[in-house]
Amino acid sequence: MKIGFDNEKYLKIQSEHIKERIAQFDGKLYLELGGKLFDDHHASRVLPGFKPDSKLRMFAQLRDSIEIIIVVNAEDIERNKVRADLGITYDEDVLRLRDEFMSRDFMVGSVVITHYNGQQAADQFHRRLERMGIKSYFHYLIDGYPHSVDLIASDEGFGKNDYVETTRELVIVTAPGPGSGKMAVCLSQLYNEHKRGIRAGYAKFETFPVWNLPLKHPVNIAYEAATADLNDVNMIDPFHLEAYGKTAINYNRDIEIFPVLNALFEGIYGENPYKSPTDMGVNMVGFCISDDNVCCKASKDEIIRRYYAATNKMADGADNEAEVHKIQMLFNQAKITTADRRITIAANERKAETNGPASAMELEDGTIITAKTTTLLGCSAALILNVIKHLAGIGHDVKLIPQSMIEPIQKTKIEYLGGNNPRLHTDEVLVALSVLSQNDDQCRRALEQLPKLRGCQVHTTIMLGEVDRKIFKKLGCGLTCDPIKKK
């Protein structure tokens, strides 16, 4: 995979910039963390070279100065809101996040339950945290938040919230998902620190949009595609332009809320240390792009990937027409179509030749391998076999898994397990190869090629089942599917 991002430079200059921001205040900075701290696969896809755990590794350089607060919305606890990517509720994810941070030797000081209004489920979670020896605090609903500035910045507003006791100079405020109340927790702490004679600071750490890239740069357009379901819109920051005469990119929600934040800062401190929402950020990603062409190509691929993900959701019954239309609009801005993804064309050409479901994978060197559905194998399982044979230098006509081994597996699937599809899935093919590899050198050599699939792009002309999707994810492949369900 071609590299377009200097990860080592990022680790260095990002941590230095955060240290500089801490020094601007009284040695206390509340840092609102947007996006994912680890497993940031979107960033690694659009900025090839960015490691999914780069932000965590960067913060590791500041570990002894860091304390983490995890925020969860009481209303999300009450309605058992679930993280779609993990399939667990937000309260369970609070505990998962805490374990993840602590396993990496980060200090997790406490949990803050926001939007609290006596919810029974929130009370139960609070008691559970107490039994586990975890400090937890309540932050309450404030009438008119965020616009009733006089009330919010008073003892009847932020002053009613529990004061979260912290001991370190950099307090990272994170949450299981959006709408948890991270910013409100930061501002509440600023108010309550100020009452105690401490001039604490606030900053925001979000990777996207990248403030010092052009508005219509593919990296920024890819961020809009990633948040099409939220209808976030990238914009030129008018406050930054007015204050400095320079163009900077932010997004609609931060720009819309800035006048309110400005009033809140003035209510707490008497002045606002920031002249624009961009000023509040500390993101240095834009300074670490080493090959703009590589990042542009990767970002365009990501926009197309997001389009297929949205259309697949619609095919599954989701009411997300607005999301699909938004991404189609972004295609025009990026000047791309699905045809710009070479494997999309290759897979559909193979489908036309064989009159059945087909698949294609683009390898690191640009080679495209295709496969079709057969009576024995699904198109995704056949594709993996074709690819690893090619990489191992094994002839295409060689049958690594004999039919005599496939047929008993099919019989078990249909007769004993009550399945309808006799064809082998990707996991079943890999298990069969693993068994054969003990005595078959070709099967062993083919299996040894699997790490080379990481970063490769895959397209299928039919929507895959969960098992096949998970296998491609574990292999590190970028998968897209035409929004056509199996009959």
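Report follows, based on the coordinates. (Residues numbered from 1 in each chain as written. Predicted model: local features only at pLDDT ≥ 70, side-chain atom pairs only at ≥ 80, totals over all residues. Heavy atoms only, no water.)

**Notes on the sheet that holds strand E11 (residues 358-362)**
- Across the sheet, which stays open at both edges, the four strands sit in the order E12-E11-E13-E14 with mixed pairing between neighbours. Only two strands of the sheet have a single neighbouring strand rather than two, namely strand E12 (368-372) and strand E14 (478-481). Taking the axes of each pair of neighbouring strands and ignoring which way they run, one obtains an average angle of 15 degrees across the sheet.
- When E11 meets E12, the two strands line up antiparallel, connected through five bridges. Residue pairing for E12: Met361 is matched across the bridge by Ile369.
- Strands in contact with helix H15 (residues 342-354) are E11, E12 and strand E13 (457-460); relative to E11, the strand with the most contacts, it is inclined by about 150 degrees. (Pairing = 2+ DSSP bridges. Helix = DSSP H or I, 4+ residues; strand = E, 2+ residues; numbered from the N terminus. Axes fitted to C-alpha atoms, helices over the stretch in contact; angles between N-to-C directions. Contact = heavy atoms within 4.5 Å.)

**Here we look at empty space enclosed by the protein**
- What the rule picks out here adds up to one cavity of 30 Å³ or more.
- Size it by volume and the largest cavity reaches roughly 180 Å³.
- Taken together, the elements giving at least two residues each to the lining of the largest cavity come down to strand E10 (249-251) and helix H12 (277-280).
- Residues belonging to the lining of the largest cavity are distributed by class as follows: eight nonpolar, four polar and three charged. (1 Å grid on protein atoms, 1.4 Å probe; cavity = no way out; pocket = protein on both sides within 12 Å on 5 of 7 lines; lining within 4 Å. Points joined across faces, edges and corners; volume = space filled by probe spheres on them. Nonpolar A, V, L, I, M, F, W, Y, C, P; charged D, E, K, R; others polar.)

**Examining the sheet that holds strand E1 (residues 29-33)**
- Read across the open sheet, the six strands follow the order E6-E5-E2-E7-E1-E8; overall the sheet is parallel. Every other strand in the sheet has two partners, leaving strand E6 (136-140) and strand E8 (201-205) as the edge strands with one partner each. The sheet shows a mean angle of 25 degrees between the axes of neighbouring strands, taken without regard to direction.
- As paired elements, strand E2 (residues 66-73) and strand E5 (residues 107-116) share seven bridges and run parallel to each other. Bridge pairing links Ile68 to Val108 in E5.
- Helix H1 (residues 7-23) rests against E1, strand E7 (170-174) and E8 of the sheet, and its axis sits at about 135 degrees to E1.

Note that every value here comes from positions in space, so none of it alone points to a role or purpose.
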